[in-house]
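Here are the chains, one letter per residue:
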Amino acid sequence: MKLHRRTFLATTAASVLLPKLALATPQVLRAEPVMAQILPETEPATRMLGLNGSTPGPTLRLREGERLSVRFDNQSGQGSALHWHGIRIDNAMDGVPGLTQEIVADGETFDYDFTVPDPGTYWYHSHARSWEQVERGIYGPLIVEEASPPAVDRDITVVIDDWRLERTGALAEDFDNRHDASHGGRLGNFARAMASETSVRQGDRVRLRLINAATARIFPLELTGADGFIVALDGRPLPEPQPIADLVIAPAQRVDIIANVTGDVALSVPTREGPFEIGRIAMTGENPAPISEPIGPLPGARAAMPPATPDQSLTLSMEGGAMGGRHGGSGLWSFNGTSGLTDTPFARFARGEAARITLVNDTAFPHGIHLHGHHFHEVEAGGSLGALRDTTLVNAGESRDIICVFDNPGAWMFHCHMLGHQAEGMKTWVEVV
Ligand SMILES: [Cu+2]
């Protein structure tokens, strides 16, 4: 991706705090209009939607195996619903209007109640007119702690987003812009990484939980001031920590990093004219007793390995968009010639069946494909099983195989997380019975 500095508004990205961590997980999440300081303090605030008075909404923090019980009180002015992205959840709680629940009308409530079986970094977001409601700010982090977490001095959540703002600071209202929808989606002109801490000490061991909440922007990132490893992708531990190289985070993906602080911790987007900094955590003082043991894999049970020969082999072709070929769908985009949800699912699986799915990107744009309710293995170029993910990035003209054990019963969305693409038909569903 060839980014220019001038892609972004020429305004300094001051480091910005995530809304205060809730002391206890709230019992109500109220979607409502909020004023948010998206631009630096010296510039106007932006009218957004948020949860419990802020966007991003409160960070929900639980321990693995705990139960989340929360009343969604929709005062947003539009029908809405909350999806708990990446959670191996009870299907009825998955938050997809028209597939797993009725839409929650403005002024109405819906009670979400489920356990969080797996530790990791997740997030929650609107799944109704998501290309508009996520952009307006109806989302927040969902952190599930390990029963015995790794030793770190600071556990820092970092939400990365971009926004399309007018000169007045107002959010541009062109959510249904067809040029955006047929190209790379709605890309903002201001980007920022929002962290849950403002300072770290030299020698601190930090865990950074990066969450890309953007509706369409893939962030290539450079991390400076911290020396360490990637330890988890999309919430799932890597068998071995990986060096932090080629850090690319597609919409909805998460990356966990454990690293030792060597300077101000900064995240930048590389551009042709040099790095464009989107967030910085200042280094002040020194840790008198740094953690010295090596950075190892995160604790946690490994997922069951899929069988060598999957029960089903399927192909999902991404089609359409600008400069794309003809396809049979009714929207700008389609999967296998069909736009949007059909009465019958793309595939049916008996509970526990494994499938190899070839994701073919027959378009001129990258797509981040998300499966609800499950994690799947990416298959590496050499054929070996790669990382477990819930969202995989498939670049233009490329294809990727994934292998999934479908062991969570219900009707599950399977869609592009470039949310304008989803709106224009790049979505389907699978059923596990
Ligand atoms: Cu897409």
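Residues numbered from 1 in each chain as written. Predicted model: local features only at pLDDT ≥ 70, side-chain atom pairs only at ≥ 80, totals over all residues. Heavy atoms only, no water.

S.K.: Mind showing me how you'd approach the sheet that holds strand β23 (residues 367-371) here?
M.R.: Pairing between the strands of a sheet is mediated by backbone hydrogen bonds and can be parallel or antiparallel. Strand order across the open sheet formed by 5 strands is β21-β29-β28-β23-β26, with mixed pairing between neighbours. Either end of the sheet is taken by a strand with one partner, and the two such strands are β21 (347-349) and β26 (391-394). Going from strand to strand, the sheet's axes swing by 20° on average, the running direction of each strand aside. Bridge count for β23 against strand β28 (residues 410-416) is 3 bridges, and the pairing is antiparallel. (Pairing = 2+ DSSP bridges. Helix = DSSP H or I, 4+ residues; strand = E, 2+ residues; numbered from the N terminus. Axes fitted to C-alpha atoms, helices over the stretch in contact; angles between N-to-C directions.)

S.K.: Can you help me understand the coordination of the copper ion in this one?
M.R.: For a metal with four donors in a tetrahedral arrangement, the ideal angle between donors is 109.5 degrees, while six donors in an octahedron ideally sit at 90 or 180 degrees. Of the protein atoms, only His-367 (ND1), Cys-416 (SG) and His-421 (ND1) coordinate the copper ion, at distances of 2.0 to 2.1 Å. Spacing between the donor residues of the copper ion along the chain follows H-x48-C-x4-H. For Cys-416, a relative accessible area of 0% puts it in the buried group. We classify His-421 as buried; its relative accessible area is 0%. (Donors = N, O, S within 2.8 Å, 3.2 Å for Na, K, Ca; no water. Buried < 20%, exposed > 50% of the residue type's maximum accessible area, 1.4 Å probe, protein only.)

S.K.: Teacher, can you tell me more about the side chain of Glu-132 here?
M.R.: For Glu-132, the location among the structural elements is in helix α1 (residues 130-136). Residue classification places Glu-132 among the buried residues on the basis of a relative accessible area of 6%.

S.K.: For this particular structure, what's the right way to read the UniProt feature "domain: Plastocyanin-like" (unreviewed entry) in the protein chain?
M.R.: What UniProt calls "domain: Plastocyanin-like" (unreviewed entry) maps, in this numbering, to residues 37-147, 185-261 and 331-432. Helix makes up 0% of residues 185-261 and strand makes up 68%, while its end C-alpha atoms are separated by 35 Å. Taken as a whole, residues 331-432 contains 5% helix and 53% strand, while its terminal C-alpha atoms sit 27 Å from one another. (UniProt positions renumbered as here; feature names shortened; annotations may be inferred.)

S.K.: Hey, could you run me through the sheet that holds strand β5 (residues 67-74) in this one?
M.R.: The sheet built from 4 strands is open, its strands ordered β3-β2-β5-β7 with mixed pairing. The two strands at the open ends of the sheet, each matched to only one other strand, are β3 (46-51) and β7 (109-115). Mean inter-strand twist for the sheet, computed between neighbouring axes without regard to direction, equals 25°. Looking at chain direction, strand β2 (residues 28-36) and β3 are connected through 6 bridges and run antiparallel.

S.K.: Just checking my understanding: could you explain the packing of aromatic side chains for this structure?
M.R.: Counted under the stated rule, the structure contains 10 aromatic pairs. With 3.8 Å between their ring centres and 5° between their planes, Phe-349 and Phe-406 make a pair best called stacked. Here Phe-349, found in strand β21, pairs with Phe-406, found in strand β27 (residues 399-406); they are 57 residues apart in sequence, far enough to count as distant. The residues Phe-349 and Phe-406 share a single accessibility class, namely buried. (Phe/Tyr/Trp six-rings, centres within 6.5 Å; stacked < 30°, edge-to-face > 60°.)

S.K.: What exactly am I supposed to notice about the pairing of strand β18 (residues 274-286) here?
M.R.: The side chains of a regular strand alternate, first on one face of the sheet and then on the other. Sheet analysis places strand β12 (residues 199-202) next to β18, joined by 3 bridges and oriented parallel. Considered in β18, the bridge of Val-200 is made with Met-283. Strand direction decides the pairing type here: strand β17 (residues 254-271) and β18, joined by 7 bridges, are antiparallel. In the sheet register, Ala-266 faces β18, and the bridge partner there is Arg-280. If you look at the hairpin formed by β17 and β18, you'll find 2 residues sitting between the two strands.

S.K.: What exactly am I supposed to notice about the pattern of salt bridges here?
M.R.: When the charged atoms of two side chains lie near each other, side chains of opposite charge can form a pair. One pass over the structure, following the stated rule, counts 32 salt bridges. Two residues, Arg-129 and Asp-176, come together in a salt bridge whose shortest N-O distance is 3.0 Å. Here Arg-129 is found in the loop between β8 (120-126) and α1, whereas its partner Asp-176 is found in the loop between β10 (154-163) and α2 (178-182), with 47 residues between them in sequence. Given the relative accessible area of 32%, Arg-129 is considered partly exposed. Its salt-bridge partner being Arg-164, residue Asp-174 comes within 3.0 Å of it at the nearest N-O pair. Of this pair, Asp-174 sits in the loop between β10 and α2 while Arg-164 sits in the loop between β10 and α2, and the two are 10 residues apart along the sequence. (Salt bridge = Lys/Arg side-chain N within 4 Å of Asp/Glu carboxyl O.)

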